[in-house]
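Single-letter residue listing:
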Amino acid sequence: MNDQAKGLLITAIGVLFVVPDSLFIRLIDASAPTITFWRGLTSGSFILLGVIAVMGLRGFREVARTGFPGLLYTVLIGATAPGFVLAVKWTSVANVVFIIASMPVFAAIFSRIFLGEVISKRMVLTMAGVFVGLGIIAWGSGETEGASWQGDLVALGVSASFAGAMTTARKLRATSMIPAIPLAYLGASVLIWPLADPVAPVAEQWHLLLGHGAFITVSTCLLTLGPRYIGSAEVALLILLESILAPLLVWAVIGEDPGPWALAGGVVVIGVLFASNLWALRMRHRMRNAPQPRVGPPVE
């Protein structure tokens, strides 16, 4: 198996493991702080053990040397954990995943502001289309059962936090930020502990709590490993699968109807991002296959 096929397979499996995340949150009968506590504790502990087994303490020392940017990355990743759980509790799963799919738009804006990167015409058109889709979703939140604009705003904050973390990671590309992930998850659990009731759901729902953490662990590891072998456009296209499959899974298992507005807005958001990344992938392929200028003296 070549590197591209390996990267596509690993990333696709990672996406499939993250799809049930919102379903676990729906199935676990507990408050948002309690679910956040167990989600961070289980997945953070599993990933921590894996990082120590593979990298030892060296990885943590390297992250510590990054100073404020490394701390910022850890805080932003940690903030996404309670944010995602709260968003799913407050609004529909479809709204949450469609809104979080807008992350590339925030990443482009942050890269322009903090890294000085130019926003391409393709990305400007992508932003316009995505914002139209988000507007449709927000418009329908007041009319769709189980949806609310408060949860939509939290989901938007989660999207921005993810994008900020990815932008910070790009600035720190010389350092692997993987060891910061378990610290972020465990840190979020510690901070939210006073608001949680960790003992109550254990007796009857321990299998859901452990399963939730295990799925997050596998998806985190695979989505960290897979993109090493493929381009960002291919990764983005595969991650869009989660935005499509997650609400369908919740709909099939517990009957949560996304509603026409979420579906319409989601089609716009996913469609625009799919077309944008497909175009980027096509341009990259065309540039790779373009004839290269001859190097050296002409042949007589």
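Residues numbered from 1 in each chain as written. Predicted model: local features only at pLDDT ≥ 70, side-chain atom pairs only at ≥ 80, totals over all residues. Heavy atoms only, no water.

S.K.: Would you mind showing me how to read the layout of surface pockets here?
M.R.: By rolling a water-sized probe across the atoms, one finds the places where empty space is left. One number sums up the size of the second largest pocket: a volume of about 290 Å³. Listed by contribution, the elements that provide at least two residues to the lining of the second largest pocket are α3 (32–55) and α11 (202–225). Across the lining of the second largest pocket, the residue classes tally to 8 nonpolar, 3 polar and 1 charged. (1 Å grid on protein atoms, 1.4 Å probe; cavity = no way out; pocket = protein on both sides within 12 Å on 5 of 7 lines; lining within 4 Å. Points joined across faces, edges and corners; volume = space filled by probe spheres on them. Helix = DSSP H or I, 4+ residues; strand = E, 2+ residues; numbered from the N terminus. Nonpolar A, V, L, I, M, F, W, Y, C, P; charged D, E, K, R; others polar.)

S.K.: Explain the packing of α3 against α11 to me, please; I cannot follow it from the model alone.
M.R.: Helix-helix packing is described using two parameters, namely the angle between the two axes and the distance between the axes. Axis separation between α3 and α11 bottoms out at 8 Å; the angle between their running directions is 50°. Comparing the axis directions of α3 and α11 gives the class oblique. Two packed elements cross with a definite hand, and for α3 against α11 that hand is right-handed. Contacts between α3 and α11 involve Ile35, Trp38, Arg39, Thr42, Ser43, Phe46 and Ile47 from the former and Val202, Leu209, Leu210, His212, Gly213, Ala214, Ile216, Thr217 and Thr220 from the latter. Of the residues belonging to the contact of α3 with α11, the class tally is 9 nonpolar, 6 polar and 1 charged. (Axes fitted to C-alpha atoms, helices over the stretch in contact; angles between N-to-C directions. Parallel < 35°, antiparallel > 145°, perpendicular 65-115°, else oblique. Left-handed = near helix turned anticlockwise from the far one by under 90°. Contact = heavy atoms within 4.5 Å.)

S.K.: Just checking my understanding: could you explain the packing of helix α7 (residues 103–114) against helix α9 (residues 149–171) for this structure?
M.R.: As a packed pair, α7 and α9 sit with axes 8 Å apart at the nearest point and diverge in direction by 50°. Here α9 runs oblique to α7, going by the angle between their axes. The crossing of α7 and α9 is right-handed. Listed contacts from α9 to Met103, Phe106, Ala107, Phe110 and Ser111 of α7 are Leu156, Ser159, Ala160, Phe162, Ala163, Gly164, Thr167 and Arg170. Each residue belonging to the contact of α7 with α9 can be placed in one class, and the counts come to 8 nonpolar, 4 polar and 1 charged.

S.K.: What's the story with the environment of Ile109 in this structure? I'm lost.
M.R.: Topologically, Ile109 is positioned in helix α7. A sequence separation of 38 residues divides Ile109 from Leu71, and the C-alpha atoms of the two residues are 21 Å apart.

S.K.: Could you clarify how one ought to interpret the pattern of salt bridges in this entry?
M.R.: A side chain with one charge may pair with a side chain of the opposite charge, provided their charged atoms come close. One pass over the full model with this rule turns up 4 salt bridges. With its nearest N and O atoms 2.5 Å apart, the salt bridge here joins Glu256 to Arg26. With Glu256 in the loop between α12 (232–254) and α13 (260–289) and Arg26 in helix α2 (residues 21–27), this pair connects stretches of sequence that are 230 residues apart. We classify Glu256 as buried; its relative accessible area is 18%. The partner of Arg58 in a salt bridge is Glu62, with the nearest N and O atoms 3.4 Å apart. Here Glu62 and Arg58 lie together in helix α4 (residues 58–65), a separation of 4 residues that amounts to about one turn. For Glu62, a relative accessible area of 22% puts it in the partly exposed group. (Salt bridge = Lys/Arg side-chain N within 4 Å of Asp/Glu carboxyl O. Buried < 20%, exposed > 50% of the residue type's maximum accessible area, 1.4 Å probe, protein only.)

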